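# Structure assessment
So the chains spell out like this:
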Amino acid sequence: MSDSALTNNQSASVAREQWSSRLVFILAATGSAVGLGNIWKFPYITGENGGGAFVLIYLLCIASIGIPIMMAEIMLGRRGRQDPVTTMKKLAKESGHSRSWGLLGWMGVIAGFLILSYYSVIAGWAMAYVPRMASGMFSGLEAAGVNSVFSDLVSNPESLIAWHTLFLIMTMVVVARGVRGGLEKAVTYLMPLLFVLLIILIVYAMGTGHFKEGFAYLFNPDFSKITTEGILSAMGHAFFTLSLGMGAIMVYGSYLPPDTSIAKVSIAVAFMDTLVALMAGMIIFPIVFANALEPSSGPGLIFKTLPLAFGGMNYGTLFGTLFFILLVFAAWTSSISLIEPAITWGMKTFQTSRIKTSVISGLLVWFLGLFTVFSFNLTSDFTFSSTISTKYGEFVILKDATAFDFLDYLTSNIMLPLGGLMIAVYAGWLMKKEYSLAELNINRIWFTIWLFLVRFVAPIMVIIVFLNAMGVVAFIRTIMGV
Ligand code: PFF
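Computed from a predicted structure; not experimentally measured.

Cut-offs and rules
- Residues numbered from 1 in each chain as written.
- Predicted model: local features only at pLDDT ≥ 70, side-chain atom pairs only at ≥ 80, totals over all residues.
- Heavy atoms only, no water.
- Phe/Tyr/Trp six-rings, centres within 6.5 Å; stacked < 30°, edge-to-face > 60°.
- Helix = DSSP H or I, 4+ residues; strand = E, 2+ residues; numbered from the N terminus.
- Buried < 20%, exposed > 50% of the residue type's maximum accessible area, 1.4 Å probe, protein only.
- Lys NZ or Arg CZ within 6 Å of the ring centre and 35° of its normal.
- Contact = heavy atoms within 4.5 Å.
- Near = heavy atom within 4 Å.
- Polar contact = N/O pair within 3.5 Å; in protein donor to acceptor, adjacent residues only side chain to side chain.
- Areas by Shrake-Rupley, 256 points an atom, 1.4 Å probe, with all protein chains shown as cover.
- Axes fitted to C-alpha atoms, helices over the stretch in contact; angles between N-to-C directions.
- Parallel < 35°, antiparallel > 145°, perpendicular 65-115°, else oblique.
- Nonpolar A, V, L, I, M, F, W, Y, C, P; charged D, E, K, R; others polar.
- Left-handed = near helix turned anticlockwise from the far one by under 90°.
- Core = buried A, V, L, I, M, F, W, Y, C linked by side-chain atoms within 4.5 Å.
- Patch = residues over 30% accessible without salt bridge, like charges linked within 9 Å, V, L, I, M, F, W, Y side chains within 5 Å.
- Salt bridge = Lys/Arg side-chain N within 4 Å of Asp/Glu carboxyl O.

## Focus on the packing of aromatic side chains
Under the defined criterion, the tally for this structure stands at 29 aromatic pairs. Taken together, a centroid distance of 5.4 Å and an interplanar angle of 70° make the contact between Tyr 217 and Phe 289 edge-to-face. Of this pair, Tyr 217 sits in helix H10 (residues 211-219) while Phe 289 sits in helix H13 (residues 262-290), and the two are 72 residues apart along the sequence. Both residues of the pair, Tyr 217 and Phe 289, belong to the buried class. For the pair Trp 366 and Phe 367, a centre-to-centre distance of 5.1 Å together with 85° between the ring planes defines the contact as edge-to-face. According to the relative accessible area criterion, Trp 366 is partly exposed, its value standing at 22%. The ring of Tyr 435 carries the charged tip of Arg 79 above its face, separated from the ring centre by 4.1 Å. Taking NZ or CZ as reference, Arg 455 lies 4.4 Å from the ring centre of Trp 429, over its face.

Printed below as a string of structure tokens:
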């Protein structure tokens, strides 16, 4: 590590809180990464996009874009040691570039608000399932009965608002207590427990008689089923699931001690996150096929499949209750990281306390969340579609989208990849190499590979996927006759 990097880190770290060990950082970053994205979102978007081919593209994106950008984002965070806006301004100044790079931090703060607004509503669904599971309501129930429990829940705005409020209060209380007091404790014990429960569920899925079918659905790519929107959402999901592109991992990186290997922690976090998502897929799809359900049934998928599994299993009431409790915890450790960039930025900009900033941000997110609540009931018919038709084909941007679909599309498929692209460009092209080498502290060969990935592979892939979704690639291919 060069002298300048060392002094920089050491002087800054006096003032800034730090994780108590590398393991805690890995747990916290994994806590941020593993959440509803893995267990709720991954299975349903895989189902909507036809299975294997989608999963393959998603895995490719994790390896070639996700891991290098995660390293870049942690690196920027640790070097800047501030909120994302100030970090980007500070780093840009250090390397002699425009302070407008602060905009990257800004976009992250806004994305965090928007994502948390719907994340909290869905986490509310998971909470609502805890008493439902515990009461034994699902034992012996058939698919139709389980479906109606779900539709009863989402068609009731008051109850969704109540759970959304409760989840948001839980999130803001932890955030208000700060790094060591709140965030660390929540993750240390719960993540391993979630893992154990997932293993129990896989064993159950193996006994459904449809495990092979579910497995093949996930891992046999059928490229005829993949669409340009599917490719965009596979990439968007790679960012979402690893919590990249909006400054969350940057802020977590800012609490990272100077001597920790960024490459190792990034690989560990990406590996665990992917494992949990694939495990969730291996649980859900056998249940879907065993009960002749629709893989493409949308955001309700896990709420319509898992209760069936628990309902038909020994000790299902106990395991089911525990599972939804753990899902809430997984969502909780992610939601605190969604709002942390805004909190650090708000505290600094308005010179207010952590508590006050947390209360104000919480209220804002709460109001925004009402759009999602109502898009499942009162305003569910209020949808809009957006397509670009050219003589080279029709490009669907959004189809019958509710406010929730729109928020999800805007954040996962546009804002996060755009943020990630900017992070890659900054870290790869603009930051002085001596700084990135010093921060990453890896040997020359690995550094060259990383640099190649953030300079070329990640930005080019993000740009191509964007252009593809906008129909530009098809246009060029048609002109060129290929
Ligand atoms: N990675 C989280 C999940 O998969 O549930 C969601 C998330 C957290 C996205 C934090 C973005 C973020 F900054």
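## Section: the environment of Phe 285
Note on placement: Phe 285 falls in helix H13. A residue is classified by how much of its surface remains accessible, and Phe 285, at 0% relative accessible area, is buried. Leave out the neighbours within four places in its chain, and Phe 285 touches Pro 43, Thr 46, Gly 47, Gly 214, Tyr 217, Leu 218, Pro 295 and Leu 301.

## Some details on the site of the ligand
Of all residues adjacent to the ligand, which total 15 residues, the nearest are Ala 33, Gly 37, Tyr 119, Phe 240 and Met 246. Within the backbone of Ala 33, a nitrogen or oxygen atom sits 2.9 Å from an oxygen atom of the ligand. One of the backbone nitrogen or oxygen atoms of Gly 37 is found 2.8 Å away from an oxygen atom of the ligand. Taken by itself the ligand offers 340 Å² of open surface, and the protein chains cover 100% of this. Those elements that place two or more of their residues in the shell around the ligand are helix H2 (22-33), helix H3 (36-48), helix H11 (228-241) and helix H15 (316-350).

## A closer look at the packing of H13 against helix H14 (residues 301-311)
Taken N-terminus to C-terminus, the directions of H13 and H14 make an angle of 80°; their axes are 9 Å apart at the nearest point. Here H14 runs roughly perpendicular to H13, going by the angle between their axes. Contacts between H13 and H14 involve Ile 283, Ile 284, Phe 285, Ile 287 and Val 288 from the former and Leu 301, Ile 302, Thr 305, Leu 306, Leu 308 and Ala 309 from the latter. Among the residues forming the contact of H13 with H14, the class breakdown is ten nonpolar, one polar and no charged.

## Some words on the environment of Pro 299
With respect to the secondary-structure elements, Pro 299 resides in the loop between H13 and H14. C-alpha separation for the pair Pro 299 and Ile 262, spaced 37 residues apart in sequence, amounts to 34 Å. Setting aside residues no more than four positions away along its own chain, Pro 299 makes contact with Trp 40, Tyr 44, Trp 125 and Phe 404.

## Structural notes on unusual backbone geometry
Of note, Tyr 315 is a non-glycine position whose phi angle comes to about 55°, a positive value. A relative accessible area of 65% means that Tyr 315 is categorised as exposed. Although it is not a glycine, Gln 351 sits at a positive phi angle of roughly 50°. One can find Gln 351 in the loop between H15 and helix H16 (354-375). On the accessibility criterion, Gln 351 (68% relative accessible area) is exposed.

## Describing the packing of H11 against helix H17 (residues 403-430)
The N-to-C vectors of H11 and H17 enclose an angle of 70°; their axes lie 8 Å apart at closest approach. Between H11 and H17, the crossing angle belongs to the class labelled roughly perpendicular. Considering only the axes of H11 and H17, their crossing is left-handed. Along its contact with H11, which presents Leu 232, Ser 233, Met 235, Gly 236, Phe 239 and Phe 240, the element H17 presents Tyr 409, Ser 412, Asn 413, Leu 416, Pro 417 and Gly 420. Residues that form the contact of H11 with H17 fall into these classes: seven nonpolar, five polar and no charged.

## Here's the deal with the nonpolar core
Grouped together as the largest cluster of nonpolar side chains are 161 residues, with contacts concentrated most on Leu 76, Trp 125, Phe 323, Phe 324 and Trp 450. For this core, the leading source of residues is helix H6 (residues 102-134), giving 20 residues. Look past the residues within four positions of Phe 323 in its chain and what remains in contact with it is Ile 39, Leu 197, Leu 198, Leu 201, Leu 306 and Phe 310.

## Remarks on a nonpolar patch on the surface
Judged by side-chain polarity, Phe 195, Ile 199, Val 203, Phe 271 and Leu 275 come together as a nonpolar surface patch covering roughly 440 Å² of accessible area. Mapped onto the nonpolar patch, the elements with two or more residues apiece are helix H9 (179-206) and H13.

## Let's talk about the side chain of Ser 64
Assignment of secondary structure puts Ser 64 in helix H4 (residues 52-80). With relative accessibility at 15%, the residue Ser 64 sits in the buried group. Side-chain polar atoms of Ser 64 contact the backbone oxygen of Leu 60, separated by 2.7 Å. Residues within four places of Ser 64 in sequence aside, it is in contact with Leu 453, Val 457, Ala 458 and Met 461.

## Things to note about the pattern of salt bridges
Taken as a whole and judged by the stated rule, the model has five salt bridges. Of the charged contacts in the structure, one is a salt bridge between Arg 79 and Glu 439, with a shortest N-O distance of 3.2 Å. Of this pair, Arg 79 sits in helix H4 while Glu 439 is found in helix H18 (residues 433-440), placing the two residues 360 residues apart along the sequence. The class of Arg 79 is buried, set by a relative accessible area of 1%. On the accessibility criterion, Glu 439 (0% relative accessible area) is buried. Here Arg 354 and Glu 340 are joined by a salt bridge, their closest N and O atoms 2.7 Å apart. With a gap of 14 residues between them, Arg 354 in helix H16 and Glu 340 in helix H15 connect regions that are remote in the sequence.

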